[in-house]
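Remarks on the overall topology
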Amino acid sequence: MSKTYRIACIPGDGIGPEVTRQARKALDVAANRFGFSLDWQDYPFGAAHYLRTGEIFPESALEEMGGCDALLLGAIGDPRVKPGELERGILLTLRFRFDQYVNLRPALSFPRVPLPVPLPEGRRLDAVVVRENTEDLYMGLGGRAEGGSLSFSVEARRAPYELKGELALWTTPPCPLAAQVAVSTRPGVERIARYACELAVRRGENRVTLVTKANAVPHLYGFFEDETARVAAQYPGLKLEKENVDACCYHLVRRPDAFGVLLCPNLFGDIVSDLLAGLSGGMGMAAGGNIGDGLSMFEPVHGSAPDIAGTGRANPLAAILSGELLLRHLGEHEAADVVGGAVTAYLEESDPEGLPFELGGTSPVERSGDEVASHIAG
């Protein structure tokens, strides 16, 4: 009897529904070929639902999703909604509720996808950002004050711990001020460092590059360095290399092919992974996963792109490649390999006009999805 996976799906906003349809099509074809099935559980959350109902993300839906095997997300964001409202209410809620402590963002060079930095002959880009996803400056701890005195509670819950406290600050003479609290903990750093080391071993690499800035932020990032070094020492075949984030960005644009696994604190991982997306051909090629020990979420790195929604100009390949990560997370490695190979074959074999608009072609999103699906079917 074939195995059935329950997959939650939030198509979201803008081009999200368009690219998600193509990812689902690809995954369904792969499931049929390899003898398993996907039971899709659809959820309407995003801008349209919020503007119609005032509801962002009910607790009942979170409880339901907790029983699924994975979540596929299209994109979140709409100019009709205050910036950050949906992102915090949906994306960060999912990441924190299900303790998705790994943000995984591969960066690959693909056939006939022009790169802004020429690579040496015979070389290709094959890097992956392993971003810590639940700590650092993204914990939402802070406040603003106009009168020179600021106090706020610090409270956060993660799977390994609960954080509580109070912070009070003031200026003399009084002036407006703001504060944002960044926190790293031993269990938080340890688990992301271990994931990065294990990934490097699986990829057959002998090093992990830690992206840091301990020279300027010694308490926070010095702690991250120390805890990472403690974990990396347990992998005798691996070398831990440290790159300050500014130097790392400099070297990435000069020799992006020289990097493999990049381990990043939350803020740096967000920035470096977007840089790598640009270096690998654009956001339309950038897949992403938010992975934890419970429900894990897979999404293209690009935003909702409302300016091209409904025009057919969206590139579905990042969403399909995010589906590849989803299949790999489920343990369906053969199917995942075929999905990734189908994207490569589509790019190699299509005539120039048959590529997505982002890559210089004129293929509507639906046709690009059909082409990839036909390669998956074999």
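Right, let's walk through the structure included here. Residue indices begin from 1 for each chain and proceed along its sequence in written order. Where local features are concerned, this predicted model is filtered to residues with pLDDT of at least 70; where side-chain atom pairs are given and counted, the filter is 80 or more; whole-chain, interface and lining totals use all residues. Calculated side-chain values reflect all of the structure's heavy atoms, with hydrogen atoms and water omitted.

**Examining the overall build of the protein chain**
Rules: Here a helix means four or more residues in a row that DSSP labels H or I, a strand means two or more in a row labelled E, and each is numbered from the N terminus. Note that the radius of gyration is over C-alpha atoms, with the globule rule given as 2.2 Å times the number of residues to the power 0.38. Per-residue accessibility, obtained with a 1.4 Å probe over protein chains only, is compared with the maximum for each type, and a residue is labelled buried under 20%, exposed over 50%, and partly exposed between these values. Neither His nor the chain termini are counted; the positive set is Lys and Arg, and the negative set is Asp and Glu. Just so you know, the charge point we use is NZ for Lys, CZ for Arg, CG for Asp and CD for Glu.
For the protein chain, the helix and strand inventory stands at eleven helices and 14 strands. In terms of C-alpha radius of gyration, the protein chain reaches 21 Å, essentially the compact-globule figure of 21 Å for 378 residues. Its C-alpha atoms put the protein chain at 70 × 55 × 45 Å along the principal axes. A buried classification covers 53% of the 378 residues belonging to the protein chain. Charged side chains in the protein chain number 36 positive and 50 negative. The centres of these two groups are separated by 3 Å.

**Section: the layout of surface pockets**
The line we're drawing: A cavity here means a set of 1 Å grid points, computed over protein atoms only, where a 1.4 Å probe fits but cannot escape. A pocket is an open set with protein on both sides within 12 Å along at least 5 of 7 lines, and lining residues have an atom within 4 Å of a point. Grid points are joined across faces, edges and corners, and a volume is the space filled by probe spheres set on the points. Residue polarity follows a fixed list, in which Ala, Val, Leu, Ile, Met, Phe, Trp, Tyr, Cys and Pro are nonpolar, Asp, Glu, Lys and Arg are charged, and the others, Gly among them, are polar.
Empty space within the largest pocket amounts to approximately 600 Å³. In this structure, the largest pocket is lined by 27 residues; those nearest its centre are P106, L108, E324, L325 and R328. Elements that contribute at least two residues to the lining of the largest pocket include exactly β4 (102-108), β5 (126-132), α5 (186-202), β13 (287-291), α9 (317-330) and α10 (333-349). No other element matches the six residues that α10 contributes to the lining of the largest pocket. Residue composition of the lining of the largest pocket, by class: 15 nonpolar, five polar and seven charged. In this structure, the second largest pocket spans a volume of roughly 370 Å³. Lining the second largest pocket are 20 residues, with L91, R95, R105, D270 and V301 positioned closest to its centre. Counting only elements with at least two residues in the lining of the second largest pocket, the list comes to β3 (70-75), α4 (85-97), α8 (266-279) and β14 (297-300). Among the elements that line the lining of the second largest pocket, the one with the most residues is α4, at five residues. Here the lining of the second largest pocket is composed, by residue class, of eight nonpolar, four polar and eight charged.

**Details of the pairing of β14**
Let me state the cut-off plainly: Any two strands are treated as partners once DSSP identifies two or more bridges connecting them.
Residues M297 and E299 line one face of β14 and the alternating positions F298 and P300 line the opposite face, and both faces are buried. Across two bridges, the pairing between β3 and β14 is parallel. Considered in β14, the bridge of L72 is made with F298. Examined bridge by bridge, β13 and β14 share four bridges and lie antiparallel to one another. Paired with G288 across the bridge in β14 is E299.

**A word on the environment of L141**
Selection criterion: Working rule for contacts: check all heavy atoms of both residues, and any pair within 4.5 Å makes them a contact.
Inspection of the secondary structure assignment puts L141 in strand β6 (residues 136-145). We classify L141 as buried; its relative accessible area is 5%. In this view, L141 contacts F152, V154, E155, L163, A179, Q180, V181 and V183; residues no more than four positions away in its chain are not counted.

**Structural notes on the state of the cysteines**
Basically, it comes down to this: Count a disulfide wherever a pair of cysteine sulfur atoms falls within 2.5 Å.
Tallied over the full model, the rule gives zero disulfides. Summary of cysteine pairing: C9 is not part of a disulfide, and the nearest cysteine sulfur, belonging to C68, is at 11 Å. We classify C9 as buried; its relative accessible area is 0%. Among the residues examined, C68 registers a relative accessible area of 8% and is labelled buried.

**Focus on the pairing of strand β8 (residues 161-170)**
In this structure, strand β7 (residues 149-158) lies alongside β8, joined through ten bridges in antiparallel fashion. Directly across from S151, in β8, lies its bridge partner A168. Once β7 ends, the chain turns through two residues before running back antiparallel as β8.

**Some remarks on the pattern of salt bridges**
This is how it is decided: By salt bridge we mean one thing: a side-chain nitrogen of Lys or Arg within 4 Å of a carboxyl oxygen of Asp or Glu.
Summed over the entire model, instances satisfying the criterion amount to 27 salt bridges. The salt bridge partner of R255 is D257, with a shortest N-O separation of 2.7 Å. Residue R255 is classed as partly exposed on the basis of its relative accessible area of 38%. Exposure remark for D257: the relative accessible area of 5% places this residue in the buried category. What emerges from the salt-bridge pattern is a single network uniting R186, E190, R194, E227 and R230.

**Some remarks on the packing of aromatic side chains**
What counts, and what does not: Any two rings among Phe, Tyr and Trp, with Trp reduced to its six-membered ring, count as a pair given centres within 6.5 Å; such a pair is stacked if its planes are under 30 degrees apart, edge-to-face if over 60, and tilted if neither.
Inspection of every chain in the model, using the stated rule, returns four aromatic pairs. Ring centres of Y43 and F45 lie 6.1 Å apart, and the angle between their planes is 20 degrees; this geometry places the pair in the stacked category. The pair Y43 / F45 is uniform in exposure class, with both members buried. Their ring planes at 35 degrees and their centres at 4.7 Å tell us that Y221 and F268 sit as a pair that is tilted. With Y221 in helix α6 (residues 218-232) and F268 in helix α8, the pair connects residues that are 47 residues apart, well separated along the chain. When its relative accessible area of 4% is taken as the criterion, Y221 is described as buried.

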